[in-house]
Amino acid sequence: MANTTLELVDVEKSFGSVIANSGISVKVDAATVTCILGDNGAGKSTLIKTLSGVHKPTKGKYLVEGIEVNFNSPRDALDAGIATVFQDLATIPLMSIWRNFFIGNEIEKGFGPFKWLDVKKMKDITKQELLAMGIDLRDPNQPIGTLSGGERQAVAIARAVHFGAKVLILDEPTSALGVRQSGIVLKYVLAAKERGIAVIFITHNPNHAFLVGDRFYLLNRGKLVQSMDRSNANIDELTKAMAGGKDLELLTTEIESVRKK
Amino acid sequence: MSTSPTTDERVKKASFLTRALRRTEVGALLGAIAIFILFTSTDTTGNFAKLPGIAGWTDIAAPIGIVAIAVALLMIAGEFDLSSGVMVGTTGLLVGVLVSKLGLNIWLAIIIGLVFAAGIGFINGFLVVRTKLPSFIITLATFFILKGANFALTMIITGSVRVTGVEKAAGYDSAKTIFASTFKVGDQNFQISLAWWLLLTILATFLLTRTKFGNWIFAAGGDQNAARNAGVPVARTKIALFMGTSVAAALVGIIFVLRLQGMQAGQGVGQEFYYIIAAAVGGTLLTGGAGSAIGASIGAIIMGMAYIGIPFSLWNSDWTSTFLGAILFSAVMINTYIGRKAAGGKR
């Protein structure tokens, strides 16, 4: 496969006596979509936070393009080209689309200490970049809150791509969306992939993962329980593995015994 | 891409009117025009819409507007400053005491006053971002601390509740020219504070809409966490804005102490609500994230017109506050309604 952009080798993360992740080894290649699946409490959040620089791994190695890194903050990760789009913290509803796009990265012009925003340039870039992701905006001035949830995710993705992300971590981008909106976001996931970005797609929805994923990792109880490539994966297997096989059988019998009463 | 263009078309359909109403200050401007027409028609002196009347209500509006602009910026960033009114008195008294009791040159006293105000603003801001307590509480505490200190220290230093004798200070004439002189339009004298107010409206509007810092103000008030994640220095932005309201209040204190040649210990107390009213009437959201400097200035104009228009109409001016309260309520109602309409019913 293509060159590996990001790699975790035998990573463990513990908080005091609680081991949230252990023995995690994942490979994320450029221009692919790597899906990390797991139910609630499987350790997905901890893994995202480790990847995005919020947490430091307790044990193991974190490699970016083959070089071991040691991030102290999400800003460090961002500087290394690893951008995370959090589901709810992506955008500021009342601000216009172009302002949201450039927030924290404003383009200025002027001389000496007198600097002001290059509004026209920022609006043009916003329009272009969103168009490149397949979003045709007529008016970058409208508040981003007027866009649908899926479109807002898309703007956040386009923003990460524009500011040089090599790795894009998407934290449950579809979990709060309806079917059609999810479809829109998945399309942008593929658009980002086509632009050569290594996408890490974290979800608990095997159907969404299967639509776009090239490689699948399954988390359960903080451990990597299964990994599959697209060539040897199928949706039933994914779903069954997700639900936790035996756990589900146990649950079924339990519920049935409750219903009988 | 087969389905989204059609939905895009529906979302983007915005009439000129809707687009105009999306600007937060338009509601306030319509209100100001309505109140102008109201008082022009009820006016018994025939002067309300002429230069003498305009000089009157802009003179009331200017000191309110100067601070209201800074307060609006702070409110857009999601914070309140209740100590902005009392700061007017504190700075005026400080400058007055420095020149009348210590014999300082008034320019030096003005600089000390501005630096002192910036310091108080810094403390307000620092405490808000550090303790994460609501700014309402922290600045309410500052308000009462300063209010008490204004009275107590003025009594101790001057033996009365008033500082006087500012006009005898070295440099008084030049300082008065800058802060408290008048200029002529036609036959009518206008206060120089009007020029300060207009200048600040323009500067603040530029700052808010055309600079990086302005972007950060909106971001800090819109969603702190999202702003922080995007690399916006939220804490620094807020502290700077608290310093801004304090310094704006200090400017008004300096204008008053020079014009009145002295200052009462109670000056400015209660004004903080006028600033908040002006900002809110002007379309600044109390929860932060939206608003404008022009809106706050229009809000100040509305208050100035009410203060002059009510006596000009021979109404009982005891009711002025009631009138302003009703204006505040209806303006915020209308702004909210317009805001919802403009946002397409989404929020």
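Higher on the page you've got the structure.
Before going into details, it helps to say that this report is about the structure given with it. Since this is a predicted model, take the numbers as computed values, not measurements. (Residues numbered from 1 in each chain as written. Chains lettered and ligands numbered in written order. Predicted model: local features only at pLDDT ≥ 70, side-chain atom pairs only at ≥ 80, totals over all residues. Heavy atoms only, no water.)

With respect to the nonpolar core
Put simply, the test is: The set of buried Ala, Val, Leu, Ile, Met, Phe, Trp, Tyr and Cys residues whose side-chain atoms join them within 4.5 Å is what this entry labels a nonpolar core. For every residue, the accessible area obtained with a 1.4 Å probe (protein chains only) is divided by the maximum for its type, and the residue is called buried under 20%, exposed over 50%, and partly exposed between those limits. The helix count covers DSSP runs of H or I at least four residues long, the strand count covers runs of E at least two residues long, and both are numbered beginning at the N terminus.
Membership of the largest hydrophobic core comes to 102 residues, with the highest contact counts inside it found for Ile106, Ile110, Trp197 and Leu258 of chain B. Per-element accounting of this core gives the leading share, 16 residues, to helix H4 (residues 51–76) of chain B. Residues Val33, Val119, Leu168 and Ile184 of chain A belong to the second largest nonpolar core, which totals 49 residues.

Structural notes on the side chain of Ser84 of chain B
All names here are of chain B. The following threshold applies: Any pair of N or O atoms that falls within 3.5 Å is considered a polar contact. Within protein, one atom must be able to donate a hydrogen and the other to accept it, and sequence-neighbouring residues count only if both atoms are side-chain atoms. By definition in these notes, contact holds between two residues if any of their heavy atoms fall within 4.5 Å.
Mapping Ser84 onto the fold places it in helix H5 (residues 84–100). Residue classification places Ser84 among the buried residues on the basis of a relative accessible area of 1%. Within the local environment of Ser84, its side chain forms a polar contact with the backbone oxygen of Asp81, the two atoms lying 3.1 Å apart. Look past the residues within four positions of Ser84 in its chain and what remains in contact with it is Val67, Val71, Ala249, Glu272 and Tyr275.

Some points on the layout of surface pockets
Test applied: Note on definitions: the grid is 1 Å and covers protein atoms alone; a cavity is a set of points where a 1.4 Å probe fits but cannot get out; a pocket is an open set with protein on both sides within 12 Å along at least five of seven lines; lining residues have an atom within 4 Å of a point. Grid points are joined across faces, edges and corners, and a volume is the space filled by probe spheres set on the points. Residues are grouped as follows: Ala, Val, Leu, Ile, Met, Phe, Trp, Tyr, Cys and Pro are nonpolar; Asp, Glu, Lys and Arg are charged; all remaining types, including Gly, are polar.
Within this model, the second largest pocket holds a volume of roughly 660 Å³. Surrounding the second largest pocket, 28 residues form its lining, Leu78, Ala83 and Thr84 of chain A together with Asn229 and Ala230 of chain B being those nearest its centre. Of all the secondary-structure elements, those providing two or more residues to the lining of the second largest pocket are helix H2 (74–79), strand E6 (82–85) and helix H5 (149–162) of chain A together with helix H11 (224–229) of chain B. If one sorts the elements of the lining of the second largest pocket by residue count, H2 of chain A sits on top with five residues. A class-by-class count of the residues in the lining of the second largest pocket yields 17 nonpolar, seven polar and four charged.

Comments concerning helix H6 (residues 106–131) of chain B
Residues and elements named next belong to chain B. Applicable threshold: The span expected for a helix works out to 1.5 Å for each residue beyond the first.
Along its 26 residues, H6 runs 37 Å from first to last C-alpha, staying within 8% of the 38 Å computed at 1.5 Å per residue. Buried residues along H6 sit against H5, helix H7 (135–158), helix H8 (172–179) and helix H12 (234–260). Between a side-chain oxygen at the N-terminus of H6 and the backbone nitrogen of Trp107 the separation is 2.7 Å; the capping residue is Asn105. At the exit of H6 stands Lys132, carrying a positive phi of roughly 60°.

Description of the pattern of salt bridges
Put simply, the test is: A pairing counts as a salt bridge when a side-chain nitrogen of Lys or Arg comes within 4 Å of a carboxyl oxygen of Asp or Glu.
Scanning the model with the defined rule gives 12 salt bridges over all chains in all. Here Arg195 of chain A ties to Glu129 of chain A by a salt bridge, and the two come within 3.5 Å at their closest N and O atoms. Taken as a pair, Arg195 of chain A in the loop between helix H6 (179–194) and strand E10 (198–203) and Glu129 of chain A in helix H4 (residues 119–132) lie far apart in primary sequence, 66 residues in all. Taking the shortest distance from any N to any O, the salt bridge between Arg259 of chain B and Asp59 of chain B comes out at 3.1 Å. Taken as a pair, Arg259 of chain B in helix H12 and Asp59 of chain B in helix H4 lie far apart in primary sequence, 200 residues in all. Exposure remark for Arg259 of chain B: the relative accessible area of 22% places this residue in the partly exposed category. According to the relative accessible area criterion, Asp59 of chain B is partly exposed, its value standing at 25%. Salt bridges linked by common partners bring Asp29, Arg215 and Asp229 of chain A together as one network.

Some points on empty space enclosed by the protein
Residue and element names in this part refer to chain B. In total, this model carries one cavity of 30 Å³ or more according to the counting rule given. The space that makes up the largest cavity amounts to roughly 30 Å³. As for the largest cavity, its lining consists of Pro63, Ser193, Val252, Ile255, Phe256 and Arg259. If you tally residues by element for the lining of the largest cavity, the top one is H12, at four residues. A breakdown of the residues in the lining of the largest cavity according to their chemical character gives four nonpolar, one polar and one charged.

Some details on a nonpolar patch on the surface
All names here are of chain B. Worth spelling out the cut-off: In this analysis, a patch consists of residues with relative accessible area above 30% that form no salt bridge, clustered at 9 Å for like charges and at 5 Å for the nonpolar side chains Val, Leu, Ile, Met, Phe, Trp and Tyr. Per-residue and other accessible areas follow the Shrake-Rupley method at a 1.4 Å probe size, with only the shown protein chains counted as cover for residues.
Taken together, Leu29, Leu30, Ile33 and Ile37 make up a surface patch of nonpolar side chains, about 370 Å² in accessible area. Structurally, Ile37 can be placed in helix H3 (residues 25–42). Classification of Ile37 by relative accessible area gives exposed; the value is 53%.

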